[in-house]
Amino acid sequence: MSFQQDPSEVLARLGALREGDAPTHGGRVLSYVYDSGRAELDELAAGAARLVQPVNGLDPTTFTSVAVMERELVAFAREAFHGDAEVVGSATSGGTESCLLAVKTARDVWRAAGGTGRPRLVAPSTVHAAFHKAAELFDLELELVPVSAYDGRPDPAAFAERLGPDVALAVVSAPSYPFASLDPVAEIAAFAEAAGVPLHVDACIGGFALAFWPEPLPAWDFRVPGVTSLSADLHKYGYAPKGVSVLLTRGRDRQRHQYFATTGWPGYPVVNPTLAGSKPAGPLAAAWAITQALGRPGFAELTAEAARATAAIIDAVRGIAGLRLVGEPIGPLLAVESDLDVEPEQRVDPHRWADAALAAGWQLQLQPGFAQPGGAALPRTAHLTVTPVTERVLPELLPALVGAADAVRGLPPIDGAAVLGELLAARPELAAALLPSAEGGAGAAGPLEPSSDQAAALLGSLGLLGGEAPLATRLAPVLALVEVLPRPLTERLLVELLARAVEPVEAS
Ligand SMILES: *Cc1c(COP(=O)(O)O)cnc(C)c1O
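Keep in mind that what you see is a predicted model, and the values were worked out from it rather than measured.

Draft legend 1. Main features of the UniProt feature "modified residue: N6-(pyridoxal phosphate)lysine" (unreviewed entry) in the protein chain. UniProt's feature table lists "modified residue: N6-(pyridoxal phosphate)lysine" (unreviewed entry) at Lys-236, given in the numbering used throughout. Along the chain, Lys-236 turns up in the loop between β6 (227–233) and β7 (245–250). Beyond its immediate chain neighbours, meaning those up to four positions away, Lys-236 contacts Tyr-34, Cys-204 and Ile-205. A distance of 3.0 Å separates polar atoms of two side chains, one belonging to Lys-236 and the other to Asp-233.

Draft legend 2. Expanded view of the pairing of β6. With seven of seven residues buried, β6 lies mostly within the body of the structure. Of the pairings in the sheet, the one linking strand β5 (residues 199–202) to β6 comprises four bridges and is parallel in character. By the bridge assignment for β6, His-200 is matched with Ser-229.

Draft legend 3. Region of the structure containing the sheet that holds strand β1 (residues 87–92). Strand order in the open sheet formed by seven strands is β1-β7-β6-β5-β4-β2-β3, and the pairing between neighbours is mixed. Strand pairing shows two members of the sheet lacking a second neighbour, β1 and β3 (141–145), which therefore form its edges. Recorded for the sheet is a direction-independent mean angle of 20 degrees between the axes of neighbouring strands. In this sheet, β3 lies alongside strand β2 (residues 120–124) in parallel orientation, the contact comprising five bridges. If you follow Ala-123 over to β3, its bridge partner there is Leu-144. Contacts from helix α3 (residues 64–80) reach β1 and β7, with the element oriented near 120 degrees to β1.

Draft legend 4. Region of interest: the packing of aromatic side chains. If you walk through the whole model with that rule in mind, you get 11 aromatic pairs. Taking the centre distance of 5.1 Å and the plane angle of 80 degrees together, the rings of Tyr-34 and Tyr-237 count as edge-to-face. Separated by 203 residues along the polypeptide, Tyr-34 in the loop between α1 (7–19) and α2 (39–51) and Tyr-237 in the loop between β6 and β7 bring together distant segments of the chain. Neither Tyr-34 nor Tyr-237 differs from the other in exposure class; each is buried. Taking 6.4 Å as the distance between ring centres and 15 degrees as the angle between the ring planes, the aromatic pair formed by Phe-76 and Phe-208 counts as stacked. Residue Phe-76 is found in helix α3, and its partner Phe-208 is found in helix α8 (residues 207–210); the two are separated by 132 residues along the sequence. The buried category is assigned to Phe-76, whose relative accessible area is 12%. You can call Phe-208 buried: its relative accessible area is 1%. Here the aromatic cluster, defined as three or more aromatic residues joined through ring pairs, consists of Tyr-34, Phe-76, Phe-81, Phe-208, Phe-212, Trp-220, Tyr-237, Tyr-239 and Phe-299. The cationic tip of Arg-28 hangs over the ring face of Trp-362; the distance from NZ or CZ to the ring centre is 4.0 Å.

Draft legend 5. Region of interest: the sheet that holds strand β15 (residues 381–385). Spatial ordering of the open sheet is given by β10-β11-β15-β12, a layout of four strands whose pairing is antiparallel. Two strands in the sheet have a free side with no partner beyond their single neighbour: β10 (323–325) and β12 (365–367). Going from strand to strand, the sheet's axes swing by 35 degrees on average, the running direction of each strand aside.

Draft legend 6. Quick look at helix α11 (residues 350–359). Within α11, seven of the 10 residues are buried, which leaves the element mostly enclosed by the surrounding structure. Taken together, the buried positions of α11 are Pro-350, His-351, Trp-353, Ala-354, Asp-355, Ala-356 and Ala-357.

Draft legend 7. Region of the structure containing the packing of α11 against helix α12 (residues 390–408). One can describe the packing of α11 onto α12 by two numbers: an axis separation of 8 Å at closest approach and a directional angle of 120 degrees. On the basis of the axis angle, α11 is oblique to α12. Between α11 and α12 the crossing geometry is right-handed. Each of Arg-352, Trp-353, Ala-356 and Ala-357 in α11 lies in contact with α12, whose residues at this interface are Leu-401, Ala-404, Ala-405 and Val-408. For the contact of α11 with α12, the per-class residue count stands at seven nonpolar, no polar and one charged.

Draft legend 8. Local environment of the site of the ligand. Contacts to the ligand come from Gly-94, Gly-95, Thr-96, Cys-99, His-128, Tyr-177, Asp-202, Cys-204, Ile-205, Asp-233, His-235 and Lys-236. One nitrogen or oxygen atom from the main chain of Gly-95 is found 2.9 Å from an oxygen atom belonging to the ligand. One nitrogen or oxygen atom from the side chain of Asp-233 is found 3.3 Å from an oxygen atom belonging to the ligand. For the ligand, the accessible surface in isolation is 370 Å², of which the surrounding protein chains cover 84%. Tallied by class, the residues present in the shell around the ligand amount to four nonpolar, five polar and three charged.

Draft legend 9. Region of interest: the environment of Glu-97. One can find Glu-97 in helix α4 (residues 95–112). Distance from Glu-97 to Gly-243, taken between C-alpha atoms, is 9.7 Å for residues 146 residues apart in sequence. Non-local contacts of Glu-97, meaning those with residues more than four positions away in its chain, are made with Thr-92, Thr-274, Leu-275 and Ala-276.

Draft legend 10. Structural context of the pairing of β7. Summarising burial for β7: five of the six residues are buried, a large majority. Both β1 and β7 contribute to a ladder of six bridges, which runs antiparallel. For Thr-92, the partnering residue across the bridge sits in β7 and is Ser-245.

Draft legend 11. Looking closely at unusual backbone geometry. In the segment running from Ala-174 into Pro-175, the intervening peptide bond is cis, with an omega of -10 degrees. Among the structural elements, Pro-175 can be located in the loop between β4 (167–173) and α7 (185–195). Phi is positive for Asp-139, which is not a glycine, with a value near 60 degrees. As for its placement among the helices and strands, Asp-139 is situated in the loop between α5 (129–138) and β3.

Conventions and cut-offs
Each residue is numbered by its place in its chain's sequence as written, counting from 1. Selection of residues for local features in this predicted model requires a pLDDT of at least 70, selection of side-chain atom pairs for listing and counting requires 80 or more, and totals for whole chains, interfaces and linings are taken over all residues. Just so you know, side-chain values use all the structure's heavy atoms and leave hydrogens and water out. UniProt positions are given in the numbering used here, feature names are shortened, and annotations may be inferred rather than shown by experiment. Working definition: helices are DSSP H or I runs of at least four residues, strands are E runs of at least two. Numbering for both runs from the N terminus. What makes two residues a contact is simply this: any of their non-hydrogen atoms within 4.5 Å. Under this definition, polar contacts are N or O atom pairs within 3.5 Å; protein pairs additionally need one hydrogen-donor-capable and one acceptor-capable atom, and for neighbouring residues in sequence, both atoms have to be side-chain atoms. For each residue, the accessible area found with a 1.4 Å probe, counting protein chains only, is set against the maximum for its type, and the residue is called buried under 20%, exposed over 50%, and partly exposed in between. Whether two strands pair depends on DSSP finding at least two bridges between them. Comment: axis = line fitted to C-alpha atoms, over the contacting stretch for helices; angle = value between 0 and 180 degrees taken between N-to-C directions. Pairs were defined over the aromatic rings of Phe, Tyr and Trp, the Trp ring being its six-membered one, requiring ring centres within 6.5 Å. Orientation was assigned from the angle between planes: stacked under 30 degrees, edge-to-face over 60, tilted for the rest. Note on criteria: charge over ring means Lys NZ or Arg CZ within 6 Å of the ring centre, with the direction from the centre no more than 35 degrees off the ring normal. Here the angle decides the label: under 35 degrees means roughly parallel, over 145 means roughly antiparallel, 65 to 115 means roughly perpendicular, and every other value means oblique. A clockwise turn of the near helix away from the far one marks a right-handed crossing, whereas an anticlockwise turn of less than a right angle marks a left-handed crossing. Gly falls in the polar group here, along with every residue not listed as nonpolar (Ala, Val, Leu, Ile, Met, Phe, Trp, Tyr, Cys, Pro) or charged (Asp, Glu, Lys, Arg). The cutoff for a nearby residue is simple: one of its non-hydrogen atoms must lie within 4 Å of the molecule or strand. Using a 1.4 Å probe, accessible areas were evaluated by the Shrake-Rupley method; residue-level cover was limited to the displayed protein chains.

See below:
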């Protein structure tokens with residue numbers, strides 16, 4: 001084989017690129033990554049994935065190992081979530097795909113029962129954005145039920161009022177991503193069942209931790225009658241590499257609507273329970289190997305570590321003047337807001353806090369304040385996802401959280417309107433593009449839908465594209481802008497940012 005570049009050099013370059021990534025191990029990044037702290041699990045996953053690397057997961061009748069692994073993985077999940085023999089399921093490529101398929105299945109069940117027109121999807125406003133995507137892709141009307149600003153949970157009676165024959169699916173979270181709130185699953189399930197509406201429990205983030213949680217929790221899974229489907233990600237608290245989740249469904253007849261099947265072309269019959277055609281078996285093999293090796297005792301051990309670390313962080317946050325927890329977080333995640341009960345000079349803005357923690361080497365996730373349609377304003381927060389490895393780094397993390405709060409206590413929250421004002425003072429020509437008009441769109445004279453070049457120019461003026469990208473290490477001002485700019489404009493700018501990030505670089 002004649003290579004243009006030596007394979008070892010190619011890998012060396014990738015190694016160098018990886019140095020620039022946020023650290024995936026060691027507990028310094030408190031979102032996105034789920035470190036069990038067990039190198040042998042990563043090795044096991046890599047070994048399993050390598051064994052099936054050439055396999056096409058498309059056809060488990062040809063590659064029978066795929067059928068065996070998927071069946072055993074579904075069995076593990078079904079037992080963890082208290083499903084009986086009526087509960088069946090699939091491995092998917094991740095939480096988003098599990099959620100998309102839950103919605104698609106429900107829509108098709110609804111249509112098969114005679115539903116016509118555009119059905120509704122009812123969910124709390126904290127529901128994961130994957131359901132916004134599902135509603136858009138599968139053409140349902142997403143109806144968001146406001147949650148309490150105190151604990152992030154919807155009121156079951158208010159939720160029940162939204163249910164009706166045109167609702168194809170109701171969704172609750174166990175727990176929600178933004179606030180780690182455990183929605184009132186049993187109460188809403190009772191209303192949903194009475195209304196004949198199927199109910200999905202999105203346990204993507206917390207499912208495999210809640211199932212082994214050391215303290216008793218209200219029933220949130222298939223123990224609750226009326227729960228018709230449940231999603232849980234193995235690439236989160238299943239400690240598998242990215243690309244694997246499960247979707248479980250109660251009732252074979254319901255679940256068969258998940259499948260796409262056609263013999264209507266001259267090629268091989270296409271029968272897919274998931275969105276992809278040809279697909280990797282690696283992530284499935286990795287998750288299967290980890291669940292087989294750990295079993296329930298291994299999961300309980302890892303979950304106990306994450307639970308102790310979460311409790312320690314909660315205690316630490318309770319001890320930090322000016323910050324407070326949002327509600328009562330359930331599972332290994334939490335959100336922190338400013339304590340408005342203390343004097344302004346004692347308050348800590350969670351976004352300034354997160355930026356100060358980042359400067360000290362700890363990455364928290366900034367979540368913007370959110371104006372709920374028809375409900376209370378939800379606070380801006382900092383989100384922390386806690387993993388087993390976190391327990392080992394508590395001696396460094398807790399003082400860093402305290403120190404970051406001390407560094408910014410009393411500084412006012414960054415005001416998006418002021419950031420915008422400064423920007424416009426320096427660059428008045430941006431006003432037309434950035435200022436909300438009376439109609440709620442972008443500026444009257446500005447384009448509602450900026451072209452790619454206009455959007456890139458705007459990002460450049462905001463310091464987010466090209467040059468030094470000075471805002472990259474201070475996210476608080478960016479989030480403050482997200483809170484005040486018209487939403488469609490922000491969304492368009494973010495699309496541009498992500499799209500430009502993967503454009504081939506012109507050789508200069
Ligand atoms: C992560 C997550 C999802 C989406 O999962 P991906 O694996 O990122 O596609 C859905 N719901 C909740 C609650 C999540 O935390």
